[in-house]
Amino acid sequence: QQQVKQSPQSLIVQKGGISIINCAYENTAFDYFPWYQQFPGKGPALLIAIRPDVSEKKEGRFTISFNKSAKQFSLHIMDSQPGDSATYFCAASQSSGTYKYIFGTGTRLKVLA
Amino acid sequence: NAGVMQNPRHLVRRRGQEARLRCSPMKGHSHVYWYRQLPEEGLKFMVYLQKENIIDESGMPKERFSAEFPKEGPSILRIQQVVRGDSAAYFCASSPGGDNEQFFGPGTRLTVL
């Protein structure tokens, strides 16, 4: 019940295309869903996060779509650029607990120039 | 405003030795989380600490691993009698407390020979 399932494992997109990464969770107590970007040899950096009271959040080229009834959320990267090539992790946490993150297994994105 | 600092960035140990990983949280943050990332995998929660207290150690292996966050100084993750399976990247994250958002350090990459 603590798992967060992430797909696809890897993704190749043409420059200018849309990258879509999906995550699903089981624990309905989760109430915070961040996405992190990680470059090789670096720590994860927060991209964007959403709470269940909204169905969509947009920041620049990055959008989170959230479906509470389906217990799914996704990251959309519009106008994907080669510099977006990185590994992306979704995560979930609950405010009523210790705020610890349960991470997905990651998606390795490659944007072709 | 310096971010989360971790040192060393790379650590090589022989089987049976001890590894000490340090984490200095962001200024004003009193909550520290440790996560482990095995090669080609997502991050797994290990332990959550506040100053002088271990709040949640549900992700820590039962033996050889310990963590502390003293009143003064950095948080320390200690691995005694390291084995090859301990080879991983260890990330520390900090938060101001009472909030889901966590800021990650650059990680310590431990290699056990």
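Just so it is clear, the model here is predicted, and its values are computed rather than measured.

Parameters and conventions
Residues numbered from 1 in each chain as written. Chains lettered and ligands numbered in written order. Predicted model: local features only at pLDDT ≥ 70, side-chain atom pairs only at ≥ 80, totals over all residues. Heavy atoms only, no water. Helix = DSSP H or I, 4+ residues; strand = E, 2+ residues; numbered from the N terminus. Polar contact = N/O pair within 3.5 Å; in protein donor to acceptor, adjacent residues only side chain to side chain. Contact = heavy atoms within 4.5 Å. Phe/Tyr/Trp six-rings, centres within 6.5 Å; stacked < 30°, edge-to-face > 60°. Buried < 20%, exposed > 50% of the residue type's maximum accessible area, 1.4 Å probe, protein only. Core = buried A, V, L, I, M, F, W, Y, C linked by side-chain atoms within 4.5 Å.

Chemist: Go over the side chain of Q94(A), please, and point to the residues and values.
Modeler: Within the element layout of this structure, Q94(A) appears in the loop between β9 (86-92) and β10 (102-103). A distance of 3.3 Å separates the side chain of Q94(A) from the side chain of N27(A), its partner in a polar contact. Of note is the side chain of Q94(A), whose polar atom sits 3.1 Å from the side chain of S96(A). Each residue touching Q94(A), except ones within four places of it in the same chain, is listed here: N27(A), A29(A), F30(A), D31(A), Y99(A) and N100(B).

Chemist: Which residues make up the packing of aromatic side chains, and what values go with them?
Modeler: Residue and element names in this part refer to chain A. Considering all chains together, one arrives at 22 aromatic pairs over all chains under this definition. Seen in terms of ring centroids, Y25 and F66 are 6.3 Å apart; in terms of plane orientation they differ by 15°. Their pairing is stacked. Of the two residues, Y25 is situated in strand β3 (residues 19-25) and F66 in strand β7 (residues 62-67); the sequence distance between them amounts to 41 residues. Relative accessible area serves as the criterion here: at 7%, F66 is assigned to the buried category.

Chemist: Please give an account of the nonpolar core that cites residues and values.
Modeler: Counting 25 residues, the largest nonpolar core has V4(A), F33(A), W35(A), F73(A), L75(A) and Y88(A) as its most contacted members. When contributions to this core are tallied by element, the ones reaching two or more residues are β2 (10-14), β3, β4 (33-38), β5 (45-50), β7, β8 (72-77), β9 and β11 (107-112) of chain A. No other element matches the four residues that β9(A) contributes to this core. Ignoring sequence-local partners within four residues, the contact set of Y88(A) consists of Q6(A), I21(A), Y36(A), Q37(A), L47(A), L75(A), I77(A), G106(A), T107(A) and L109(A). Counting 23 residues, the second largest nonpolar core, distinct from the first, contains V4(B), L49(B), A67(B) and A88(B).

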